[in-house]
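# Understanding the architecture of this molecule
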Amino acid sequence: MNHPIQTENLRKVYNLGRRKGTRIAVDALNITVPDGVVFGFLGPNGAGKTTTIKMLLDFVRPTAGLATIFGSPTTSASTRKLIGYLPEQPYFHKFLRPIEVVSMHASLAGVPRQEIKKQSLAVLERAGIAEYADTPIAKLSKGLTQRVGLAQAIVGDPRLLILDEPTSGLDPIGRRHARDLILQLKNEGKTVFLSSHLLSEVENTCDTVAVLKRGELVAYGTPDEVRAGDKQFSIWIDKLKIETRELLRFANVSIEEANSGTRITVSPEMLYYAMRILDKSGVKILRMQSERESLEEAFLRLAA
Amino acid sequence: MTGIWIIARMSLLENSRKQVFHVMCLLMLAVIASSTMLSIFTEGVQIKILKDLCMTCILFGGAALAIALGATGVPNDVESRTIHPLMARPLTRVQYLIGKFLGTFITVSLGVGAMAIAFGGLILMYQHSIDSSLGMAVLFTLLEVAIIAAIATMISTFASPAVTTVLTFMIYLAGTIKIGYIGGLIEKSQAGLSKALYLLIYHALPNLECFNLKSSLIHNDVIPGAYLGQVAFYGVCYIVFALAAGSLYFASREV
């Protein structure tokens, strides 16, 4: 099956000159991005994310290994008909207006001439920048330029979207808008390859994540698989009687006393049993929360 | 072809907004206009000087524009990363490079066209008729300028704008004096490495002097059509060669 993106032992080594030697940007990268998913590509600065994206788009050539887009080599220009790309910081000619930028990309993407204007206006509307369609890029803020980038990426109805930091420079409303747009695109059957530092967004939108560290893949799977440890629940209560404490021991819970009350940590399997004991004992529950490692914690553990 | 024209249009829009384009066009138009102050000469001499001055202006202005615009097009796109969204589209590097060259050439042609119209107007004013060879002389100047633009575009695929400007200018100068100077060196040198080197330089450099029809225009000489055809063919071949060499390198470089 031809996956939207597949890499096999992809490696990129930059030659920094005689004195500085070489730097491995990406090493033995094996990832498969299935059709119709939102794939989060994570890693700290300098991890090799942008280099990987550049290899996928044939901006740079791999030193070794292979990357394919829908089964075709990345060097094939015709493959890029299926791709929409948003660069990390989209740069467009400042004298152009958003409608001109998007129309030009629509034309390059092979949109029929009579459809270009209609489609361009539609994607500008979708990216939330239709009211600035005729304002020169030079006069737009960073966030608005980012939205122009999003609009040009989705024009031409590409099957695969490669988005490098799509929410960079966007305000909270813009970020929410971009996130909703990504989920809409997923629902339309598009595959989204998303590189981002905003882990809460990745956690909320991505089906699969890959974490890179110094060019090497250190984690790969669903967000749940990447997070470590078993899920646990913390129950904060006011006071705990001795007999209740004894009963709770059978639920295999850990009990800690703190200034703000008593904290009971329990596994999901024993949660029901523990809650029944607390209820029967008339204990006042202050709050309850899931104690699982967040993606951000997982990222810090894996990539720090 | 669509991709080439889109890039050419983009390049034209970009170039026509550049200060160097406006300044150079205005400067050359001012020099052409100032040639009306040559009234101290007799009418025949005045027209000859007018033709000489205006054709030199058109060539110099066109060449300067071709170097300035051709040297900056590709490196600026790479440096400012405006090339990335474009190259993420189904566009080959060769199409991109040809588009950039065409954009530069069309921009330069607009400048040369404006100068040629001013020149034709002056000739009409003084001579009350326009020589048939004037159009041909301007056309071949344009072809010479296209070669310079192609060389600048080729060099700009691997060098910075400053280096490209210097190298293209040196090639332009060497191409202008090649027959007289380098041809003389070949004749004087003994057989061996130096002669082979001179021969290599001689054949690699464009022979730009053959595009200069200024003296024929001044002296109202008739140039055989076959010769013009050969020169035009040579010019087109050189442009294709320069762009092919540039594309070969640009296709493999990192952007």
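Residues numbered from 1 in each chain as written. Chains lettered and ligands numbered in written order. Predicted model: local features only at pLDDT ≥ 70, side-chain atom pairs only at ≥ 80, totals over all residues.

## Looking at the overall build of chain B
- Assigned secondary structure in chain B consists of 10 helices and 0 strands.
- Counting from the amino terminus, helix and strand elements in chain B follow one another as α-α-α-α-α-α-α-α-α-α.
- Relative to the 2.2 N^0.38 estimate, which gives 18 Å for 255 residues, the radius of gyration of chain B is 20 Å and therefore close to what a compact globule would have.
- Over its C-alpha atoms, taken along the principal directions, chain B stretches across nearly 60 × 50 × 30 Å.
- Looking at chain B as a whole, 42% of its 255 residues are labelled buried. (Helix = DSSP H or I, 4+ residues; strand = E, 2+ residues; numbered from the N terminus. Rg over C-alpha atoms; globule rule 2.2 N^0.38 Å. Buried ≥ 20, exposed ≤ 12 C-beta atoms within 10 Å, placed from the backbone.)

## Notes on the overall build of chain A
- Helix and strand counts for chain A stand at 10 helices and 15 strands.
- For chain A, the C-alpha radius of gyration of 24 Å lies well beyond 19 Å, the compact-globule estimate for 304 residues.
- Viewed in the frame of its principal axes, chain A has a C-alpha envelope of about 80 × 50 × 40 Å.
- Counting over 304 residues, chain A shows a buried share of 41%.
- By sequence separation, contacts in chain A at least 24 residues apart represent 69% of the contacts at least 6 residues apart. (Contact = placed C-beta atoms within 7 Å.)

## Comments concerning the packing of helix α2 (residues 19–34) of chain B against helix α3 (residues 43–80) of chain B
All names here are of chain B.
- Contact geometry of α2 with α3 gives a least axis separation of 10 Å together with a crossing angle of 175°. It follows from the interaxial angle that α2 and α3 lie roughly antiparallel. For the pair α2 and α3, the contacting residues are Val20, Phe21, Met24, Met28, Val31 and Ile32 in the first and Cys54, Cys57, Gly61, Ala64, Leu65, Ala68 and Leu69 in the second.
- The residue inventory of the contact of α2 with α3, partitioned by class, reads 12 nonpolar, 1 polar and no charged. (Axes fitted to C-alpha atoms, helices over the stretch in contact; angles between N-to-C directions. Parallel < 35°, antiparallel > 145°, perpendicular 65-115°, else oblique. Nonpolar A, V, L, I, M, F, W, Y, C, P; charged D, E, K, R; others polar.)

## Re the interface of chain A and chain B
- In this complex, chain A contributes 22 residues to the contact, which on the side of chain B involves 20 residues.
- Sort the elements by how many residues they give to the side of chain A that touches chain B and helix α2 (residues 98–108) of chain A lands first, with 4 residues.
- Split by residue class, the side of chain A that touches chain B holds 14 nonpolar, 6 polar and 2 charged.

## Some points on the pairing of strand β7 (residues 83–86) of chain A
Residues and elements named next belong to chain A.
- Side-chain alternation along β7 places Ile83 and Tyr85 on one buried face and Gly84 and Leu86 on a second face that is also buried.
- Pairing of β7 with strand β8 (residues 160–164) involves 4 bridges; the strand directions are parallel. Opposite glycine 84, over in β8, you have leucine 161 as the bridge partner. (Pairing = 2+ DSSP bridges.)

## Here we look at the pairing of strand β13 (residues 254–258) of chain A
Residue and element names in this part refer to chain A.
- The element β13 is largely exposed, with a buried count of 0 among its 5 residues.
- Note that β13 and strand β14 (residues 261–266) share 5 bridges and pair antiparallel. Among the inter-strand pairings, isoleucine 255 is bridged to a residue of β14, identified as isoleucine 264.

## Comments concerning helix α6 (residues 132–156) of chain B
- Relative to the 36 Å expected for 25 residues at 1.5 Å per residue, α6(B) spans 37 Å between its end C-alpha atoms, a close match to the ideal helical length.
- Counting buried residues along α6(B), 18 of its 25 residues qualify, which places the element largely inside the surrounding structure. (Expected span 1.5 Å × (residues − 1).)

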